[in-house]
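# Descriptive structure summary
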Amino acid sequence: MLTALTGVFGDRADAVSVAGRTASYEELLGAAGAVAADLAALGPVRAFAVTATPSLETVAAVVGGLLAGVPCVPLPPDAGPAERDHILRDSGARPIDVDFARRAPAASAATAVPAVPAAVSEEPALILYTSGTAGAPKGVVLSTAAITADLDALADAWEWSAQDTLVHGLPLFHVHGLVLGVLGALRTGSRLVHTGRPTPEAYAQAAAAGGSLYFGVPTVWSRIAAAPQAAAALAGARLLVSGSAALPTPVFRDLERLTGHRPVERYGMTETLITVSGRAGGEVRPGAVGTPLTGIRTRIAAEPGAEIGELQLVGPTLFSGYLGRPEATAAAFTEDGWFRTGDIAAVDGDGVHRIVGRASTDMIKSGGYRIGAGEIENALLDHPRVQEAAVIGVPDADLGERIVAFVVAEGVTGAELTDFVATHLSVHKRPREVRFIAAVPRNAMGKPQKRLLLDGP
Ligand code: MCA
Ligand code: AMP
């Protein structure tokens, strides 16, 4: 999978740059070799975990895991104890520390590290934790084969090559920043500039360093569109790509006006990787996510006579299952073996897909992060003052959706509850607003009627 590390594209001192620190492929391979040697010394382990800060250490850990054939569980660096404990317990992963200055225990990295795995393997490479509509996050098991298939299909769709310099500042514990943003660079041989944080200024600065291919979630793009000088710096780029949530049409138009580029949108999920995308050099339509990638087949499960319905798909990029949850894995597929995305889509006459909504209001996308309402509700209910909690996502100009918590509680402030969630789970899962109510509206079965919450006083 790590073609760039075999030397076929040559090497350079700044092949990989993360948050201002740079490394050559040889240095990365040396540090990753040390991680691989440590993992081998642990004996048989199910998986290992690394706190996935935006750093060369995280890159070395993930590459080291691939070299050693041990799946990596990247932990969100801001995960509070509840979330961290859940992930470690559920995955059985051994937490490790990485010292980027350490090298494999032999003089030359080339002889010290195991052969760079070229073969496509069904073995698990990554286990990424992601929220469902209810309960705690599940581990999504991704194989080398699935990741490789996806990266090759994307390289084809975006004409992504060793000539590119990839720029982004996305978190390294999700598909977007880690699989596309790190492994994609190491497969295609494009230089990587990870900006540490995805600010407009950092993206503009990377343009001066030769940035050609830019990744962002819609919140990142809308912040760039609101910073005309930074946006103008991207005029020399080859391709701007948006994903992880819907790119609002006004942001598309502003980017086109300020950068001269029509951003390509692509659609995916942790469980499926990226499956549908616009093409470099192809027609790009605002509000549309393009056509299925090589090897992917899609269908719309619509009611008779309707044109929109759940998007379902099959293909080589799909996950191997939810770790230790065969029932949940089975439930994610139809009887005839198609993956149910839970997203509502329509397909134009020429095969271009549009994502028009989600089947469940309990799945929130805020800043490109997928957040299950149930997980936040459970965290709130763990607070001794909270009797009832119902969480929804409401439209937000910056984040796409913002998390709003409706709670029945006394003797506690909204800010205290926000901090409670931010410290127990992750900062990005905190409600941006807490509204106190007398009771959560429920139907005769006792099921919360969340759609009624916004109609209240
Ligand atoms: C604020 N902060 C707090 C609190 N309030 N900390 C603790 N307790 C509080 N109550 C602080 C934080 O510590 C942080 O501080 C600062 O607020 C900013 O946090 P936040 O407001 O959450 O950040 P933001 O600026 O709103 O973030 C916007 C973002 C981010 C950068 C766009 O949402 C982001 O990185 N999104 C990317 C998500 C992503 O990659 N999704 C891909 C999923 P400090 O400044 O000190 O840190 S993969 C996927 O979806 C599929 C496969 C696909 O299609 O890609
Ligand atoms: P995650 O598993 O965090 O990757 O979240 C996957 C979800 O993100 C999908 O089910 C969609 O709801 C949403 N998503 C990703 N890309 C797009 C896009 N381009 N347009 C609309 N929604 C998207």
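Keep in mind that what you see is a predicted model, and the values were worked out from it rather than measured.

This next bit is on the pattern of salt bridges. For the structure shown, the criterion picks out 26 salt bridges. The partner of glutamate 83 in a salt bridge is lysine 429, with the nearest N and O atoms 3.0 Å apart. Note that glutamate 83 is positioned in helix α3 (residues 81-91) and lysine 429 in the loop between α13 (414-424) and β24 (433-436), a separation of 346 residues in sequence. Across the pair, lysine 429 and glutamate 83 agree in class, each one buried. Here glutamate 375 and lysine 429 are joined by a salt bridge, their closest N and O atoms 3.1 Å apart. One end of the pair, glutamate 375, is in helix α12 (residues 373-381); the other, lysine 429, is in the loop between α13 and β24, and 54 residues separate them in sequence. Because the salt bridges share partners, they merge into one network encompassing Glu283, Arg285, Asp348, Asp350 and Arg354.

This part is about the packing of helix α1 (residues 25-41) against helix α2 (residues 56-68). In helix packing, the relevant descriptors are the interaxial angle and the interaxial distance, both defined with respect to the helix axes. Close contact between α1 and α2 brings their axes to 7 Å; oriented N to C, the two are set at 60°. If you check the angle between α1 and α2, you find them oblique. Pair α1 / α2 crosses with right-handed handedness. Where α1 approaches α2, its residues Leu28, Leu29, Ala31, Ala32, Gly33, Val35, Ala36 and Leu39 are matched on the opposing element by Val59, Ala60, Ala61, Val63, Gly64, Gly65, Leu67 and Ala68. Residue composition of the contact of α1 with α2, grouped by class: 13 nonpolar, three polar and no charged.

Another point: the side chain of serine 24. Note on placement: serine 24 falls in the loop between β2 (21-23) and α1. You can call serine 24 buried: its relative accessible area is 10%.

Inspection of the secondary structure assignment puts valine 412 in the loop between β23 (400-409) and α13. According to the relative accessible area criterion, valine 412 is buried, its value standing at 12%. The sequence separation of valine 412 and methionine 363 amounts to 49 residues, and the corresponding C-alpha distance is 26 Å. If near-sequence neighbours (up to four positions away) are discounted, valine 412 is found in contact with His383, Arg385, Leu417 and Phe436.

Taken together, 25 residues surround ligand 1, and among them Arg197, Ser244, Arg266, Gly367 and Asp419 come closest. The contact in question runs from an oxygen atom of ligand 1 to an N or O atom on the side chain of arginine 223, over 3.1 Å. Within the side chain of lysine 365, one N or O atom sits 2.8 Å away from an oxygen atom of ligand 1. Looking at the shell around ligand 1, the elements with two or more residues in it are α6 (175-188), α8 (218-225), β12 (264-269) and α13. With three residues, β12 is the single largest residue contributor to the shell around ligand 1.

Below, the discussion takes up the site of ligand 2. Close to ligand 2 lie 15 residues; Arg266, Thr270, Asp343, Lys365 and Arg370 are nearest. Side-chain polar atom of glutamate 265 to a nitrogen atom of ligand 2: 3.1 Å apart, as the coordinates give it. Here a nitrogen atom of ligand 2 and a backbone polar atom of arginine 266 are 2.8 Å apart. For ligand 2, whose accessible area on its own is 500 Å², the fraction buried by protein is 91%. When residues of the shell around ligand 2 are assigned to their parent elements, the largest contribution, five residues, is made by β12. Residue classes in the shell around ligand 2 are distributed as six nonpolar, three polar and six charged.

The subject of this paragraph is the packing of aromatic side chains. Summed over the entire model, instances satisfying the criterion amount to ten aromatic pairs. Judged by centre distance (6.2 Å) and plane angle (10°), the rings of phenylalanine 173 and tyrosine 369 are stacked. Placement of phenylalanine 173 in the loop between β8 (165-168) and α6 and of tyrosine 369 in strand β21 (residues 369-372) is noted, with a sequence separation of 196 residues between them. With a centroid separation of 5.5 Å and 75° between ring planes, the pair formed by phenylalanine 333 and phenylalanine 339 is classed as edge-to-face. Residue class for phenylalanine 339 comes out buried when judged on its relative accessible area of 1%. A network of ring pairs unites the aromatic residues Phe319, Tyr322, Phe333 and Phe339 as a single cluster. Positioned over the ring face of phenylalanine 100 is arginine 103, at 5.8 Å from the centre of the ring. Over the aromatic face of tyrosine 322 sits the side chain of lysine 138, whose NZ or CZ is 4.9 Å from the ring centroid.

With respect to the helices, strands and loops of the structure, histidine 261 is situated in the loop between α10 (249-259) and β12. Looking at histidine 261, the relative accessible area reads 15%, which means it is buried. Other than its neighbours up to four places away in sequence, histidine 261 contacts Leu234, Ala235, Ala237, Arg238, Leu240, Leu255 and Glu256.

Turning to unusual backbone geometry, a few remarks are in order. If you check the backbone angles, serine 244 has positive phi at about 90° while not being a glycine. Within the secondary structure layout, serine 244 lies in the loop between β11 (239-242) and α10.

Now for α13. Every buried residue belonging to α13 is among Gly414, Leu417, Thr418, Phe420, Val421 and Ala422, and all of these are buried. Those residues of α13 that are buried lie in contact with α12, β22 (386-396), β23 and β24.

Of the residues in the chain, 96% have a pLDDT of 70 or more, and the chain-wide mean is 94. Low pLDDT, under 50, characterises residues 107-113; the predicted model gives this stretch nine contacts beyond four residues in sequence or across chains.

Rules used in this analysis
- Residues numbered from 1 in each chain as written.
- Chains lettered and ligands numbered in written order.
- Predicted model: local features only at pLDDT ≥ 70, side-chain atom pairs only at ≥ 80, totals over all residues.
- Heavy atoms only, no water.
- Salt bridge = Lys/Arg side-chain N within 4 Å of Asp/Glu carboxyl O.
- Helix = DSSP H or I, 4+ residues; strand = E, 2+ residues; numbered from the N terminus.
- Buried < 20%, exposed > 50% of the residue type's maximum accessible area, 1.4 Å probe, protein only.
- Axes fitted to C-alpha atoms, helices over the stretch in contact; angles between N-to-C directions.
- Parallel < 35°, antiparallel > 145°, perpendicular 65-115°, else oblique.
- Left-handed = near helix turned anticlockwise from the far one by under 90°.
- Contact = heavy atoms within 4.5 Å.
- Nonpolar A, V, L, I, M, F, W, Y, C, P; charged D, E, K, R; others polar.
- Near = heavy atom within 4 Å.
- Polar contact = N/O pair within 3.5 Å; in protein donor to acceptor, adjacent residues only side chain to side chain.
- Areas by Shrake-Rupley, 256 points an atom, 1.4 Å probe, with all protein chains shown as cover.
- Phe/Tyr/Trp six-rings, centres within 6.5 Å; stacked < 30°, edge-to-face > 60°.
- Lys NZ or Arg CZ within 6 Å of the ring centre and 35° of its normal.
- pLDDT = per-residue confidence, 0-100.

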